[in-house]
Amino acid sequence: MRIDSREKNGIIILDLQGKLMGGPDAESFKSAIYKLIENGHKKIVVNLHSIDWINSTGMGILISGYTTMRRNGGDLRLLHVSDKIRSILYVTKLNTIFKCFDNEDDAVASYEND
Amino acid sequence: MSGTVVIEFPSDYKFLNIVDLVCGEVVQNLCVGHQAANEIAISVIEACTNAIEHGNRECPDENVRIVFSCKSDRICVEVGDCGKGFDYECYLRNIPEPTDINHIRGRGIYIMKNMMDTLDFEMVPGKGMKVKLEKLLKHKENDGGRKD
């Protein structure tokens, strides 16, 4: 899985590409999250537009990132959630945990409304 | 459409891409709705993930075998590994609450149980574990809503 990072209006957007299924993905995502926190970035949006598919292990990676951000006074929100990922979020009721957005500007703006 | 499709692959997560593709092709021929197709694919991927990680302990010399059996009113998928199995009856009685974010793992069986109509386990001594998934097929136009 590839992770690219960019900033928009003070919010970090992590663009993920590939498959989110555990293994080395966990460590690379974890490292990205901790690096952001070290640099003072605690409001992030994870863009899943280019994620082909995800399994429950991959969902665990997102949960881990979310809890880490929350523990450090921040948040992690999801952007461009596919039908498959949305199904997993719904069945596991994690849709009540993660804030999801279909539009990047809305995702970024959601932090302003906090 | 009815028939059987069998695939077998080493215990490496990179092969899950192929599983997803095969699953998509099999399900496409069943004329099920989009949601049902997603649920079948997600569940099969979960079963394969468990087979690789827990059943075969990520050992590339041990294979995962999937049998897709398509019948007129249902699809049956068996995912087999070479492992020693686990106490699935105990696990099914104690499935962790999926919204507990202190647990970053442990949602695979919950997902399968809720996305498929039937989830069974069969331990064959000396031959490994089989996870059996079944989903009743509904005509595409009548694809129902998600299960509560």
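With that settled, consider the packing of helix H2 (residues 34-55) of chain B against helix H4 (residues 108-115) of chain B. All names here are of chain B. One can describe the packing of H2 onto H4 by two numbers: an axis separation of 9 Å at closest approach and a directional angle of 150°. Like other packed secondary-structure pairs, H2 and H4 cross with a definite hand, here left-handed. For the pair H2 and H4, contact is made by Glu39, Ile42, Ser43, Glu46, Ala47, Thr49 and Asn50 and by Gly108, Ile111, Met112 and Met115, respectively. Tallied by class, residues from the contact of H2 with H4 come to five nonpolar, four polar and two charged.

Below, the discussion takes up the sheet that holds strand S5 (residues 100-101) of chain A. Residue and element names in this part refer to chain A. Strand order in this open sheet of five strands is S1-S2-S3-S4-S5, and the pairing throughout is mixed. Two strands in the sheet have a free side with no partner beyond their single neighbour: strand S1 (2-8) and S5. In this fold helix H1 (residues 24-38) packs onto S1, strand S2 (11-20) and strand S3 (43-54), with an angle of close to 20° to the strand it touches most, S1.

This part covers the packing of helix H3 (residues 83-91) of chain A against H2 of chain B. Contact geometry of H3 of chain A with H2 of chain B gives a least axis separation of 10 Å together with a crossing angle of 75°. One finds that H3 of chain A runs roughly perpendicular with respect to H2 of chain B. Of the residues in H2 of chain B, those in contact with Asp83, Lys84, Ser87 and Ile88 of chain A of H3 of chain A are His34, Gln35, Asn38, Glu39 and Ile42 of chain B.

Quick look at the confidence of the model for chain B now. Residues with a pLDDT of 70 or more make up 93% of chain B, whose mean pLDDT is 87. Across residues 141-148 of chain B, where pLDDT falls below 50, the model places nine contacts with residues more than four positions away in sequence or in other chains.

To continue, consider the environment of Lys130 of chain B. Residue and element names in this part refer to chain B. With respect to the helices and strands, Lys130 occurs in strand S5 (residues 128-136). On the neighbour-count criterion, Lys130 (20 C-beta atoms within 10 Å) is buried. Separated by 24 residues in the primary sequence, Lys130 and Gly106 place their C-alpha atoms 18 Å from one another. Residues within four places of Lys130 in sequence aside, it is in contact with Glu78, Val79, Gly80, Glu122 and Val124.

What follows is about the interface of chain B and chain A. Listed per partner, the contact involves 24 residues of chain B and 24 residues of chain A. Among the secondary structure elements, those contributing two or more residues to the side of chain B that touches chain A are helix H1 (16-28), H2 and H4 of chain B. With eight residues, H2 of chain B is the single largest residue contributor to the side of chain B that touches chain A.

Looking now at H1 of chain B. The terminal C-alpha atoms of H1 of chain B lie 18 Å apart, and with 13 residues this matches the ideal 18 Å at 1.5 Å per residue to within 8%. For H1 of chain B, every residue scored as buried is listed here: Leu16, Val19, Asp20, Cys23, Val26 and Val27 of chain B. Taken down its axis, H1 of chain B places every buried residue within 130° of arc, on the same side. Looking at H1 of chain B, the residues exposed on the side facing more than 90 degrees away from the buried face are Ile18, Leu21, Glu25 and Gln28 of chain B. Summarising the contacts, the buried residues of H1 of chain B are in contact with S3 of chain A together with strand S1 (3-10), H2 and strand S2 (63-70) of chain B.

Rules behind the numbers
Residues numbered from 1 in each chain as written. Chains lettered and ligands numbered in written order. Predicted model: local features only at pLDDT ≥ 70, side-chain atom pairs only at ≥ 80, totals over all residues. Axes fitted to C-alpha atoms, helices over the stretch in contact; angles between N-to-C directions. Helix = DSSP H or I, 4+ residues; strand = E, 2+ residues; numbered from the N terminus. Left-handed = near helix turned anticlockwise from the far one by under 90°. Contact = placed C-beta atoms within 7 Å. Nonpolar A, V, L, I, M, F, W, Y, C, P; charged D, E, K, R; others polar. Pairing = 2+ DSSP bridges. Parallel < 35°, antiparallel > 145°, perpendicular 65-115°, else oblique. pLDDT = per-residue confidence, 0-100. Buried ≥ 20, exposed ≤ 12 C-beta atoms within 10 Å, placed from the backbone. Expected span 1.5 Å × (residues − 1). Arc of directions from axis to C-beta.

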